[in-house]
Amino acid sequence: QVQFVESGGGLVQPGGSVRLSCVASKSTFSFNNVGWYRQAPGKQRELAASITADGRTNYPDSVKGRFTISRDNAKKTMYLQMNSLKLEDSAVYYCNSAPRPYAYWGQGTQVTVSS
């Protein structure tokens, strides 16, 4: 029932930066613990960053120190600042509840890191 709209992706060179945005289009969304997921071709979707309702963040080792997740509760919007991008960061990025996502996924936004 809840819908997510991701934006901000694109083509970026290795070492570059991209800032993603996600807006929850359903007002009934509780917007508690949320996160960014990503899925590369031929791979399972994985959690790239998460943030709790009170602002505590968590990152896997693969992105720690390079990615920063943030949120705006009033706007029910979350962001993902990605710096020092690597080729392996290329994926479709989705936002959702974390670590237990809703069954409803948005279209995601494509991030392609290429030289």
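Structure first, text after, so check above.
To start, this report covers the structure provided alongside it. The shown structure was predicted, so the numbers you read here are calculated from the model rather than taken from an experiment.

1. Structural notes on unusual backbone geometry
The amide bond that connects Ala 98 to the next residue, Pro 99, takes the cis arrangement and shows omega of 5°. One non-glycine residue with positive phi stands out, namely Lys 76, at about 50°. Position of Lys 76 relative to the elements: it lies in the loop between strand E7 (67–72) and strand E8 (77–82). The phi dihedral of Ser 84 is positive, around 50°, even though this residue is not glycine. Here Ser 84 lies in the loop between E8 and strand E9 (91–97).

2. What about the sheet that holds strand E6 (residues 57–58)?
Spatially, six strands are ordered E2-E10-E9-E4-E5-E6 in an open sheet, and the strand pairing comes out mixed. Edge positions in the sheet fall to strand E2 (11–12) and E6, since each of these pairs with one other strand and no more. Across three bridges, E9 lies against strand E10 (residues 109–113) in antiparallel orientation. When the bridges of E10 are listed, Ala 91 appears paired with Val 111.

3. A word on the nonpolar core
Among the nonpolar cores identified, the biggest contains 26 residues, and Leu 20, Trp 36, Phe 67, Leu 80, Met 82 and Tyr 93 are the most heavily contacted of them. Put simply, the parts of the chain that give this core at least two residues each are strand E3 (18–24), strand E4 (34–39), strand E5 (46–51), E7, E8, E9 and E10. For this core, the element with the most residues is E3, which contributes four residues. In this view, Leu 80 contacts Val 18, Arg 19, Leu 20, Trp 36, Ala 49, Phe 67, Thr 68, Ile 69 and Tyr 93; residues no more than four positions away in its chain are not counted.

4. Thoughts on the environment of Ile 69
As for its position among the elements, Ile 69 is in strand E7. What makes Ile 69 buried here is its relative accessible area of 4%. Measuring from C-alpha to C-alpha, the distance between Ile 69 and Ala 48 comes to 9.4 Å, with 21 residues separating the pair along the chain. Sequence-distant contacts of Ile 69, that is, excluding residues within four places in its chain, are made with Val 34, Gly 35, Trp 36, Ala 49, Ser 50, Ile 51, Thr 57, Tyr 59, Tyr 79 and Leu 80.

5. Focus: the sheet that holds E3
Strand pairing within a sheet occurs via backbone hydrogen bonds; the two strands may be parallel or antiparallel. Strand order in the open sheet formed by four strands is E1-E3-E8-E7, and the pairing between neighbours is antiparallel. The sheet is open, and its two edges are formed by strand E1 (4–7) and E7, each paired on a single side. Ignoring which end each strand starts from, the neighbouring axes of this sheet average 15° apart. Two strands pair when backbone bridges link them, and E7 and E8 are joined in this way by six bridges, in the antiparallel orientation. The partner of Asp 72 across the bridge, within E8, is Thr 77.

6. What about the state of the cysteines?
Scanning the model with the defined rule gives one disulfide in all. In this model, Cys 22 is linked to Cys 95 through a disulfide, with the two sulfur atoms separated by 1.7 Å. Taking the sign of the S-S torsion, about 65° here, the bridge from Cys 22 to Cys 95 comes out right-handed. Here Cys 22 is found in strand E3, whereas its partner Cys 95 is found in strand E9, with 73 residues between them in sequence.

The rules behind these values
Residues numbered from 1 in each chain as written. Predicted model: local features only at pLDDT ≥ 70, side-chain atom pairs only at ≥ 80, totals over all residues. Heavy atoms only, no water. Helix = DSSP H or I, 4+ residues; strand = E, 2+ residues; numbered from the N terminus. Pairing = 2+ DSSP bridges. Core = buried A, V, L, I, M, F, W, Y, C linked by side-chain atoms within 4.5 Å. Buried < 20%, exposed > 50% of the residue type's maximum accessible area, 1.4 Å probe, protein only. Contact = heavy atoms within 4.5 Å. Axes fitted to C-alpha atoms, helices over the stretch in contact; angles between N-to-C directions. Disulfide = S-S within 2.5 Å.

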